[in-house]
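Spelled out, the chains give:
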Amino acid sequence: MKTASHFLILAGAVLGLSMAAQSEEKVPAYELKSRSVFDAQDDARIPFWPIGFQRPKIRQDGTAAPVAAPSKIQLAADDFRVTSILLGNPALATINGHSFEEGEVLPVIFGTERLRVVVRAIRDGGVTLEYADQRVTVPMRRPELGQKHTVQKRDAADFTILIGAPKQK
């Protein structure tokens, strides 16, 4: 019985090797017909870079031109009004009449320039805002009793925070 099983195993191995040798002869070698290419224009945005990242300008001699530093706009805590804070998951703060959570970008305009002011932290008693390399902590201002503020209702799409302009009373 053992010799019959050994014989069948040996016959199967020989048959498998002979079929492998025959199949290698029948398959032609793979030839590449066309090679794919990606030609990006010099001014095109590289798709793997972050959105908004500007490519450095190249001079005629092949070196990169220095990137102009962003305008030095100083944010002040007086430009923003935090009226309420809700500590929860997620934490919410009412800034200039609209609710924001941590990580959201405020719609801030300075003159004709849009600024990317991000809500970095919402803590009890204040909010930390970040613009470029600046961090500003805006304390919560509690409205006094007896004052009645009349604010015109604006459409949410038109909501922007203007800074650098004269304060309205």
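Scroll up to find the structure this text is about.
So, here's what we can say about the structure. Here the structure is a predicted model, which means the values were calculated and not measured.

Notes on the overall build of the protein chain
From N to C terminus, the protein chain includes one helix and eight strands. Going residue by residue from the N terminus, the α and β elements of the protein chain occur as α-β-β-β-β-β-β-β-β. A burial count over the protein chain gives 21% of its 169 residues as buried. When the accessible area of the protein chain is evaluated, it comes to approximately 14400 Å², of which 56% is carbon and sulfur surface.

Observations regarding the nonpolar core
The biggest cluster of nonpolar side chains holds 23 residues, and the ones touching the most others in it are Phe80, Ile95, Leu106, Val117 and Leu129. The set of elements that each furnish at least two residues to this core consists of strand E2 (92–95), strand E4 (105–110), strand E5 (113–123), strand E6 (126–131), strand E7 (134–139) and strand E8 (161–163). For this core, the element with the most residues is E5, which contributes four residues. If sequence neighbours within four positions are ignored, Phe80 has contacts with Leu75, Ile95, Asn96, Leu106, Val108, Val117, Leu129, Val138, Arg141 and Ile161.

The rules we used
- Residues numbered from 1 in each chain as written.
- Predicted model: local features only at pLDDT ≥ 70, side-chain atom pairs only at ≥ 80, totals over all residues.
- Heavy atoms only, no water.
- Helix = DSSP H or I, 4+ residues; strand = E, 2+ residues; numbered from the N terminus.
- Buried < 20%, exposed > 50% of the residue type's maximum accessible area, 1.4 Å probe, protein only.
- Areas by Shrake-Rupley, 256 points an atom, 1.4 Å probe, with all protein chains shown as cover.
- Core = buried A, V, L, I, M, F, W, Y, C linked by side-chain atoms within 4.5 Å.
- Contact = heavy atoms within 4.5 Å.

Purely geometric numbers; function is a separate question.
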